[in-house]
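Chain by chain, the residues:
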Amino acid sequence: MSIKITVTVNGVKHTDKVEPRLLLVHYLRDVLRLTGTHVGCDTSSCGACTIHVNGKATKSCTLLAVQADRCKITTIEGMANNGDLHPLQEGFNQCHGLQCGFCTPGMIMTAADLLQHNRKPSEGEIRTALEGNFCRCTGYHNIVKSVQYAAEKMSARKTKPKKEATL
Amino acid sequence: MSTNNGKDTSSGFIGKSIKRVEDKRFTTGNGRYTDDIVLPHQTYASFVRSPYAHAKILNVDTSAAKHMSGVIKIYTGADVAAVNGVPCGWQVNFKNGDTMKEPKHPLLVADKARHVGDAVAIVIAESQEQAVDAAEAIIVDYEELPCVVDGSKAAQAGAALVHDDVPNNTCYDWALGNPIAEVDEAMSAAAHVTTLEFVNQRLVPNAIEPRCYNSSYDAITDKYILYTSTQNPHVIRLLMCAFVLGIPEHKVRVVGPDVGGAFGSKIFHYTEEALLTWCTRQIGRPIKWTATRTEAFQLDAHGRDHITKAEMGFDNDRKIVALRVKTFANLGAYLSTFGSCVPTYLHGTLLQGLYTTPKINVDVTAVFTHTTPVDAYRGAGRPEATYLLERLVDLAALEMNVDPVDLRFKNFIPPFDGVNQPGYQTQVALQYDSGNYKGVLEKGLDMLGYADLRNKQKESSKNGKLLGIGFSTYIEACGIAPSAVVGSLGARAGLFEVGQVRVQPTGKVSVYTGAHSHGQGHETTFAQVVADKLGIAMDDVEIHHGDTETVAFGMGTYGSRSLAVGGSAIVKSIDKIIEKGKKIAAHKLEANADDIEFASGKFTVKGTDKSVSFGDVALTAYVPHVYPKDLEPGLDFSSFYDPTNFTYPFGCHIAVVEVDKQTGKVELKRFVAVDDVGNVVNPMIVEGQIHGGVVQGIGQALFEGAEYDNNGQLTNASYMDYCMPRADDFPMFETGTQVTPCPHNPLGVKGAGEAGAIGSTPAVVNAVIDALWSGGHKVKDIRMPLTSERVWRAMKN
């Protein structure tokens, strides 16, 4: 049995028939071939699969693809704007916030959600926001600095925080 | 100069924090990990794995599964019984000279399962879901058998045998150092002996990318391609072709694309790599398998698992006079690729530490148990050695009521540079290359503000908290390794590295290295070295790695070896390019090659302003119209570099903790790390390596540990149960550096990948013990990880 879903991913509308048991992360990776979203565990613990669903950071292994029907999704592939990197993408490079890169998309998506709601997070607030995303390489030190870099950069641009979207 | 401008060549690149060139693909979701690869006609594999630690396999019924939708083929242990198992790459001998026991590690088990997760059958299907569904429909009849999980009990009479042909479950017994009688005598004469019995607990490596393999076979060309999440593609190819499958090496291409962290766990040749390659030959279609996290917990080779009794003797002047160590090393159910060398040549050889201890003996019994195989995990043997020594030193200081800092200064090996002063010959086989051990401790104390902290310690108890300060001054053997030395110690491979530098006709440079980057940033640091040495822009250098088809050969990345060994191979090739370039330049400039000097990208006739650029010389090499006689065209050199010694990075790590007197909760307040890794090519990347290692080391001290029950079940085989270090567990780290160049490689580098994980663990545990002593709890040891409960119980008892 397959169910038809329509989702908008990174601004592009997709309609597909999917098995009801298909996880959203596998829909993104295997059906849409958006492989920037990663799978690191089977218990929704590691955060490597974090995306935005209707503007909110969500572990895409916690949803079935059918639950995302009619949702707006942003993945790491949709974070740059016409080739301009998102301040977080720039910050992770400037502050050496990544090594192997496997957790990086999830980290950026979680941090982006934080910065939508809190333009000037403290170090402690950043660490708390990221505690659901595992990194085995960096020791988190430079990830925290990367998020601070992006926060400062976004503040300097006087970007207003987006209104919180709901699922 | 800007530190982020690949075009700038004004003042060299070595020593600068150049931002990583590889980042863009990772931050934009364009990394290409093995699981991202889907091949035409792709199939998928799933395994039937033993739920028991030790069980006889009575029957495997695939009759229902093989007719299920999408199922292509099912293989069981009987199908691969004639295929070799995966080999071990290091031979350790018993004390009596007998060869270690090497039971077969089959691709699928037919007779018995020997640990939870041992593979009984593989299902290949059109989709991953179909493979999983069919695997669940296979019915295996098991007869559960008694098992042994504790490394200290496996060799005892009556323990269940893991392999029928391995008596006492003993893979080998082994000793190193001074004769035991001499050590016993020195220990008996000691004025004070500090004794510590402890467990260096088993850890699960937990690279965030699970292992993944995608193997394919083309019958027309008789060629195989294996994409694998590995640290060393050529090693995998060699082991798989020559030792397991008996297929021709030149017909097999192994590719390690982007790899999502490894930490040692992706060095090893795992059964699934060979099995998928065997299966793809049978079915003629590509097969992919990606481990679930549960499989990663059950199958990725674990780390550590030593049970040790260690004694350190001191004279009246508090000089260390003897060290005696007895360790039981748990190797798990099978010998993993380098499992045998970790508790021996990577552990026993490091027990000199930074101290002048004149008499040392280490005795290791390595045993099989019904658990996941154990092998190298970040640091591999050196963290175990460092933990042992540094715990003893801090504990001895508490017992003798002296400052742990003073005790170290009294016992440190004096500074030596390995050039004007000779290397330091240890009692345990190694010769240290260069070191200034007191220097890193002095710097650490400065950064810490030691005297103030000791004053604060006296005050802290009033707030319900116990403040503790813990030290660790470590050394490691890296830059693995001189082939002749490791060969004499049992290695079944050379440990050189290969670096090819191909100058293109336009002067652009392609570099092929046998090292493999899985987070280390080689595409940046190696390009820094090449651009610096050739005086060209970093943008003009491209680093290639991870593919046996493009890279001549390689031993891969582990043991903090990439720059020290792989970088040195590249430098050798650059030297050859410059030498040949001088001949071409001399011909163009009508001068003698001996009179040409090369600097800043120009070949110049000494003492004149006559010069040609590197680019001109490159073009001439490929358009050799006006060209020296007897000189081949082209500008392309490959070099093998085999180091003459290990490198010996060292450092000082200091932890400051607060222990809650009511709950036992440990809070890490500060962490100071001063590391001397020799010369540094990219300080930003080295610091990042230290941060990551420190968190893995602190993870061992405070959070992590594989827990087996008596039935051999790994009871915390998920992220819900195994405590991974998280962002909110740590303060910002305070890092410092000292530079004592390596005297024996051309870059003077020592390696930075493992330092953090080696130095940090004992510093944190020492800090907690120090805190407890400051509160009057004279506790010698708390078993890692130091959970609130364990610390609370230690205070109550």
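What you are looking at is a predicted structure, and each value in this text was computed from that prediction instead of being measured.

J.: Explain the overall build of chain A residue by residue, including any values.
T.: When its secondary structure is counted, chain A shows five helices and five strands. Secondary structure elements in chain A, listed N-terminal to C-terminal, are β-β-α-β-β-β-α-α-α-α. Here the C-alpha atoms of chain A give a radius of gyration of 16 Å, agreeing with the 15 Å that 2.2 N^0.38 yields for 167 residues. Counting only C-alpha atoms, chain A reaches 50 × 30 × 25 Å along its principal axes. In chain A, which comprises 167 residues, the proportion classed as buried is 55%. For chain A, the share of sequence-separated contacts (at least 6 apart) that also reach a separation of at least 24 residues comes to 62%.

J.: Explain the overall build of chain B to me, using residue names and the numbers behind them.
T.: The number of helices and strands found in chain B is 17 helices and 28 strands. In summary, chain B has a C-alpha radius of gyration of 27 Å against a globular reference of 28 Å for 797 residues, a match within 12%. Seen through its C-alpha atoms, chain B measures out along the principal axes to roughly 85 × 75 × 50 Å. Buried residues in chain B amount to 59% of all 797 residues. Look at the contacts in chain B between residues 6 or more apart in sequence, and 80% of them connect residues 24 or more apart.

J.: Got a sec to walk through the pairing of strand 12 (residues 287-290) of chain B? Specific residues and values, please.
T.: Residues and elements named next belong to chain B. What you see with strand 12 is no split at all: I287 and W289 on one side and K288 and T290 on the other are buried throughout. Here strand 1 (residues 43-49) pairs with strand 12 via two bridges, running parallel. Bridged to T43 within strand 12 is I287. In this sheet, strand 12 lies alongside strand 9 (residues 212-218) in antiparallel orientation, the contact comprising four bridges. Counterpart to N214 in the pairing with strand 12 is K288.

J.: Give a detailed account of helix 5 (residues 271-283) of chain B, specifying residues and quantitative values.
T.: Residue and element names in this part refer to chain B. For helix 5, which comprises 13 residues, the first-to-last C-alpha distance of 18 Å matches the rise-based estimate of 18 Å (1.5 Å per residue) to within 8%. When you tally the buried positions in helix 5, you get 10 out of 13 residues, the bulk of the element. Once helix 5 finishes, G284 follows within two positions and takes phi at roughly 75 degrees, a positive value.

J.: Tell me about the interface of chain B and chain A, and please be specific about residues and values.
T.: In this assembly, 43 residues from chain B lie in contact with 42 residues from chain A. Elements supplying a minimum of two residues to the side of chain B that touches chain A: helix 1 (23-27), helix 6 (293-299) and helix 15 (683-703) of chain B. Among the elements that take part in the side of chain B that touches chain A, helix 15 of chain B stands out by supplying seven residues, more than any other.

J.: Account for the packing of helix 15 of chain B against helix 16 (residues 755-774) of chain B, naming residues and giving values.
T.: All names here are of chain B. Viewed as axis vectors pointing N to C, helix 15 and helix 16 meet at an angle of 40 degrees, and their least axial separation amounts to 7 Å. Viewed along their axes, helix 15 and helix 16 adopt a mutual orientation that is oblique. Along this stretch, helix 15 crosses helix 16, giving a crossing that reads as right-handed. Along the contact surface, helix 15 presents Q689, I690, H691, G692, G693, V694, Q696, G697, I698, Q700, A701 and L702, while helix 16 presents A755, G756, A757, I758, G759, S760, T761, V764 and V765.

J.: An account of the pairing of strand 19 (residues 497-503) of chain B is needed here, citing residue identities and associated values.
T.: Residues and elements named next belong to chain B. Counting buried positions along strand 19 yields six of seven residues, so the element is predominantly enclosed. Summarising the sheet, strand 19 and strand 25 (residues 636-641) pair through six bridges and their orientation is antiparallel. Within strand 25, the residue paired with R502 across the bridge is D636. Direction of pairing for strand 19 relative to strand 20 (residues 509-513): antiparallel, over a ladder of five bridges. In the strand pairing of strand 20, V503 is matched with V509. In this structure, the hairpin formed by strand 19 and strand 20 is closed by a connection of five residues, where G507 is found at a positive phi of approximately 90 degrees.

J.: Account for the environment of Y512(B), naming residues and giving values.
T.: All names here are of chain B. Topologically, Y512 is positioned in strand 20. Once the C-alpha coordinates of Y512 and G678 are considered, the two residues, 166 residues apart in sequence, prove to be 24 Å apart. When neighbours within four sequence positions are excluded, Y512 is seen to be in contact with Q500, H544, T550, V551 and A552.

J.: Now, about unusual backbone geometry: what can you tell me, with residues and values included?
T.: Residue and element names in this part refer to chain B. Backbone torsion omega between I480 and A481 reads 0 degrees, so that peptide bond is classified as cis. Take A481: it is sitting in the loop between strand 18 (465-475) and helix 11 (483-488). Here the phi dihedral of A429 falls at roughly 85 degrees; this positive angle occurs in a residue that is not glycine. Of note, A429 is situated in the loop between strand 16 (424-425) and strand 17 (431-432). Overall, the presence of 17 C-beta atoms within 10 Å leaves A429 in the partly exposed class.

J.: Give me the lowdown on the sheet that holds strand 4 (residues 56-59) of chain A, citing residues and values where you can.
T.: Residue and element names in this part refer to chain A. Spatially, five strands are ordered 2-1-5-3-4 in an open sheet, and the strand pairing comes out mixed. Lying at the two open borders of the sheet, with one neighbouring strand each, are strand 2 (12-18) and strand 4. On average, adjacent strands in this sheet sit at an angle of 40 degrees to one another, irrespective of strand direction. Relative to strand 5 (residues 72-74), strand 3 (residues 50-53) runs antiparallel, the two being bridged by two bridges. By the bridge assignment for strand 5, H52 is matched with T74. Across the sheet, helix 3 (residues 104-117) touches strand 3 and strand 4, and the angle it forms with strand 3 is around 40 degrees.

J.: So what's going on with the nonpolar core? Residues and values would help.
T.: Judged by nonpolar contacts, the single largest core of 310 residues is most densely connected at A111(A), A121(B), I122(B), V123(B), V530(B) and V768(B). Considering each element in turn, this core owes the most residues, 12 residues, to helix 16 of chain B. Leaving out residues up to four positions away in the same chain, V530(B) has contacts with V501(B), V509(B), V511(B), V541(B), I570(B) and I574(B).

J.: Account for helix 13 (residues 562-589) of chain B, naming residues and giving values.
T.: Residues and elements named next belong to chain B. The terminal C-alpha atoms of helix 13 lie 38 Å apart, and with 28 residues this matches the ideal 40 Å at 1.5 Å per residue to within 8%. Taken across its 28 residues, helix 13 has 21 buried, putting it largely inside the fold. Once helix 13 ends, the next one or two residues include E590, with phi positive near 55 degrees.

J.: Account for the confidence of the model for chain B, with residues named and values stated.
T.: Residues and elements named next belong to chain B. Summing up the model confidence of chain B, the mean pLDDT is 97 and the portion of residues at 70 or higher is 99%. Within the model, pLDDT remains below 50 along residues 1-10, and this stretch shows 20 contacts once partners closer than five positions in the same chain are excluded. Among the scores for the predicted complex, ipTM is 0.97 and pTM is 0.96.

J.: So what's going on with the environment of K59(A)? Which residues, and what values?
T.: All names here are of chain A. Considering the arrangement of structural elements, one finds K59 in strand 4. Spatially, the C-alpha atom of K59 lies 9.5 Å from that of G132, the residues being 73 residues apart in sequence. Once residues within four sequence positions are removed from consideration, K59 is found in contact with S44, G47, C49 and T50.

J.: Break down the sheet that holds strand 14 (residues 320-330) of chain B for me, with residues and values.
T.: Residue and element names in this part refer to chain B. Strands sit in the order 7-15-14-13-8 across an open sheet of five strands; the sheet is mixed. Of all strands in the sheet, those bounded by a partner on one side alone are strand 7 (170-177) and strand 8 (192-203). Averaged over all pairs of adjacent strands, the angle between their axes in this sheet comes to 10 degrees, without regard to strand direction. The sheet contact formed by strand 7 and strand 15 (residues 360-367) spans seven bridges and is antiparallel. Bridge pairing links W174 to V364 in strand 15.

J.: Could you give me a rundown of the environment of V657(B), with the residues and numbers involved?
T.: All names here are of chain B. Position of V657 among the secondary structure elements: in strand 26 (residues 650-660). Here the alpha-carbon distance between V657 and L467, two residues 190 residues apart in the chain, equals 5.8 Å. In contact with V657, other than residues within four places in its own chain, are G468, V666, E667, L668, K669, V764, A767, V768 and A771.

J.: Give a detailed account of the packing of helix 2 (residues 87-94) of chain A against helix 5 (residues 141-156) of chain A, specifying residues and quantitative values.
T.: Each packed pair of helices is defined by two parameters, the angle between the axes and the distance between the axes. Residues and elements named next belong to chain A. Here helix 2 crosses helix 5 at 135 degrees, and the two axes come no closer than 8 Å. As far as their axial angle goes, helix 5 and helix 2 are oblique. Classified by chirality, the crossing of helix 5 by helix 2 is right-handed. In contact with P87, L88, G91, F92 and Q94 of helix 2, helix 5 contributes S146, V147, Y149, A150, K153 and M154. Residues of the contact of helix 2 with helix 5, tallied by class, amount to seven nonpolar, three polar and one charged.

So, how was this worked out
- Residues numbered from 1 in each chain as written.
- Chains lettered and ligands numbered in written order.
- Predicted model: local features only at pLDDT ≥ 70, side-chain atom pairs only at ≥ 80, totals over all residues.
- Helix = DSSP H or I, 4+ residues; strand = E, 2+ residues; numbered from the N terminus.
- Rg over C-alpha atoms; globule rule 2.2 N^0.38 Å.
- Buried ≥ 20, exposed ≤ 12 C-beta atoms within 10 Å, placed from the backbone.
- Contact = placed C-beta atoms within 7 Å.
- Pairing = 2+ DSSP bridges.
- Expected span 1.5 Å × (residues − 1).
- Axes fitted to C-alpha atoms, helices over the stretch in contact; angles between N-to-C directions.
- Parallel < 35°, antiparallel > 145°, perpendicular 65-115°, else oblique.
- Left-handed = near helix turned anticlockwise from the far one by under 90°.
- Core = buried A, V, L, I, M, F, W, Y, C linked by C-beta atoms within 7 Å.
- pLDDT = per-residue confidence, 0-100.
- Nonpolar A, V, L, I, M, F, W, Y, C, P; charged D, E, K, R; others polar.

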